[in-house]
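Results of the structural survey
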Amino acid sequence: MNYEDILIKPVLSEEATALREQNKYTFIVATDASKIQIKEAVRRLFNVKVLDCTTSNVQGKIKRLRGRPGREAGYKKAIVKLAPGEKIKVFEGI
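Residues numbered from 1 in each chain as written. Predicted model: local features only at pLDDT ≥ 70, side-chain atom pairs only at ≥ 80, totals over all residues. Heavy atoms only, no water.

Let us look at the sheet that holds strand β2 (residues 24-29). Across the sheet, four strands lie side by side as β1-β2-β6-β3; this open sheet has antiparallel pairing. What marks the edges here is a single partner per strand, and that holds for β1 (7-10) and β3 (50-58). When strand polarity is set aside, the average angle formed by the axes of neighbouring strands in this sheet is 30 degrees. Taken together, the three bridges between β1 and β2 define a ladder with antiparallel strand orientation. Residue pairing for β2: Lys9 is matched across the bridge by Ile28. Against the sheet, helix α3 (residues 35-46) touches β1, β2, β3 and β6 (75-82), its axis set at about 125 degrees to β3. (Pairing = 2+ DSSP bridges. Helix = DSSP H or I, 4+ residues; strand = E, 2+ residues; numbered from the N terminus. Axes fitted to C-alpha atoms, helices over the stretch in contact; angles between N-to-C directions. Contact = heavy atoms within 4.5 Å.)

Pasting the structure below:
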């Protein structure tokens, strides 16, 4: 699996912005990626030192379409903690 395939997109929400003050960055990742693969992908793609990685599987919300219940697709979310002094420049200025 390529490093670009592991990290799907960054999460840009209020909670993720608050975590950035603690030097933690949030990404949506491939569902079959392990913590070690996620840490290695962030290290290689952004040239930073990763201390910790926490993952969680998020279930899709139940929605209705024309009266019939359905479910949105779920995804896997990773919160990556960087070493003190390290920053990902892509997130700066957002």
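With phi around 65 degrees, Asn23 is a residue other than glycine that occupies positive phi space. With respect to the helices, strands and loops of the structure, Asn23 is situated in the loop between α2 (14-20) and β2. For Arg66, which is not glycine, the phi dihedral falls at a positive 55 degrees. Tracing the backbone shows Arg66 in the loop between β4 (62-65) and β5 (68-71).

Residues Leu7, Phe27, Ile38, Val42, Val80, Leu82 and Ile88 are the most contacted members of the largest nonpolar core, which totals 18 residues. Listed by contribution, the elements that provide at least two residues to this core are β2, α3, β3 and β6. (Core = buried A, V, L, I, M, F, W, Y, C linked by side-chain atoms within 4.5 Å. Buried < 20%, exposed > 50% of the residue type's maximum accessible area, 1.4 Å probe, protein only.)

Okay, the side chain of Lys76 next. Here Lys76 shows up in strand β6. Although buried, Lys76 forms no salt bridge, and the nearest oppositely charged side chain, Asp32, lies 7.5 Å from it. A polar contact of 2.7 Å, which involves the side chain of Lys76, links it to the backbone oxygen of Ala33. Excluding residues within four positions of it along the chain, Lys76 makes contact with Phe27, Ile28, Val29, Ala30, Thr31, Ala33, Thr55, Ser56 and Asn57. (Lys, Arg positive; Asp, Glu negative; His and termini not counted. Salt bridge = Lys/Arg side-chain N within 4 Å of Asp/Glu carboxyl O. Polar contact = N/O pair within 3.5 Å; in protein donor to acceptor, adjacent residues only side chain to side chain.)

Topologically, Gly67 is positioned in the loop between β4 and β5. For Gly67, a relative accessible area of 56% translates into the label exposed. Sequence spacing of Gly67 and Ala83 is 16 residues, and the spatial spacing of their C-alpha atoms is 49 Å.

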